[in-house]
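Per-entry structural report
As a plain string of letters, each chain reads:
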Amino acid sequence: MRNQELKDNVLVANYMKGNEKSLEVLIERHKQRIFGYIYSKVLDRSVADDIFQDTFVKIINNLKMGKYNEEGKFLSWALRVSHNLIMDHFRKERRRPVLKNSEEFDFFSVISDTTLNAEKQAIKNQIHDDVRKIVNTLPQEQKEVLVMRLYNNMSFKEIANNSGTSINTSLGRMRYALVNMRKIINEHNISLTN
């Protein structure tokens, strides 16, 4: 029987026994689905290419270390590996400061520039003070969720566990916190750009 006709589990077993061609068949068989899934989440071709390659590097390493079990199908497992790498990508991106020139200005993305002159530094400090004051005007539940999410970098699941609420409640409080902050910024004509 030719490699192309073998089921995924047989190809995996063959690869784990040293048959490199089996992995090529698996990649060829599933590359469109896996790449399509990655691209649908990141919406950037070069990022998707990188994550796709990292996915197969991780798959190869896991197979060589015997960390694959037959509970699920190969494709489901490969998609789970790619999903975890996508989440890693977004976590790294979230830690990078970004300045967005749009109506949806991200309050917490003030550029960190080590060559700021005294005037720019003063403006940056004023923006941080203004944001801090706005956050302090929020209802306690909203303020807690906002601080845990944006300053402590906690997931909504961690926030829910920490505050003894459901994930939906935490999401709702975060949404209301951002809505209320925007309202305060608009009402008081506060500028958060430098």
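Residues numbered from 1 in each chain as written. Predicted model: local features only at pLDDT ≥ 70, side-chain atom pairs only at ≥ 80, totals over all residues. Heavy atoms only, no water.

On to the overall build of the protein, then. Helix and strand content of the protein: eight helices and zero strands. Counting over 194 residues, the protein shows a buried share of 34%. Counting contacts in the protein only where the partners sit at least 6 residues apart, residues at least 24 apart contribute 52% of the total. Only carbon and sulfur atoms are counted for the fraction: they give 49% of the accessible area of the protein, which is about 13,000 Å². (Helix = DSSP H or I, 4+ residues; strand = E, 2+ residues; numbered from the N terminus. Buried < 20%, exposed > 50% of the residue type's maximum accessible area, 1.4 Å probe, protein only. Contact = heavy atoms within 4.5 Å. Areas by Shrake-Rupley, 256 points an atom, 1.4 Å probe, with all protein chains shown as cover.)

Let us look at the pattern of salt bridges. Counted according to the given criterion, the structure contains four salt bridges. Where Glu-24 meets Lys-21, a salt bridge forms, and the shortest distance between an N and an O atom there is 3.2 Å. Highlighted residues: Glu-24 and Lys-21, both in helix α2 (residues 20–42), separated by three residues, approximately one helical turn. We classify Lys-21 as partly exposed; its relative accessible area is 49%. (Salt bridge = Lys/Arg side-chain N within 4 Å of Asp/Glu carboxyl O.)

Another point: the confidence of the model for the protein. Residue-level pLDDT values for the protein average 80, and 81% of them are 70 or greater. Least confident of the elements in the protein is helix α5 (residues 118–137), whose mean pLDDT is 74; most confident is helix α3 (residues 45–64), at 91. With pLDDT under 50 throughout, residues 98–102 is counted as low confidence; its partners more than four residues away or in other chains account for six contacts. Across residues 109–115, where pLDDT falls below 50, the model places 11 contacts with residues more than four positions away in sequence or in other chains. (pLDDT = per-residue confidence, 0-100.)

A cluster of acidic residues, Asp-44, Asp-49, Asp-50 and Asp-54, forms a negative patch on the protein surface. Residue placement: Asp-54 occurs in helix α3. Judged by its relative accessible area of 42%, Asp-54 is partly exposed. (Patch = residues over 30% accessible without salt bridge, like charges linked within 9 Å, V, L, I, M, F, W, Y side chains within 5 Å. Lys, Arg positive; Asp, Glu negative; His and termini not counted. Charge placed at Lys NZ, Arg CZ, Asp CG, Glu CD.)

Attention shifts here to the nonpolar core. Of all hydrophobic cores here, the largest spans 27 residues; its most connected members are Ile-34, Ile-38, Ile-59, Leu-63 and Phe-74. Per-element tally for this core: the top contributor is helix α4 (residues 74–95), with eight residues. In contact with Phe-74, not counting residues within four places along its chain, are Asp-8, Val-12, Leu-26, His-30, Phe-56, Ile-59 and Tyr-68. Residues Phe-156, Ile-159, Ala-177 and Met-181 belong to the second largest nonpolar core, which totals 16 residues. (Core = buried A, V, L, I, M, F, W, Y, C linked by side-chain atoms within 4.5 Å.)

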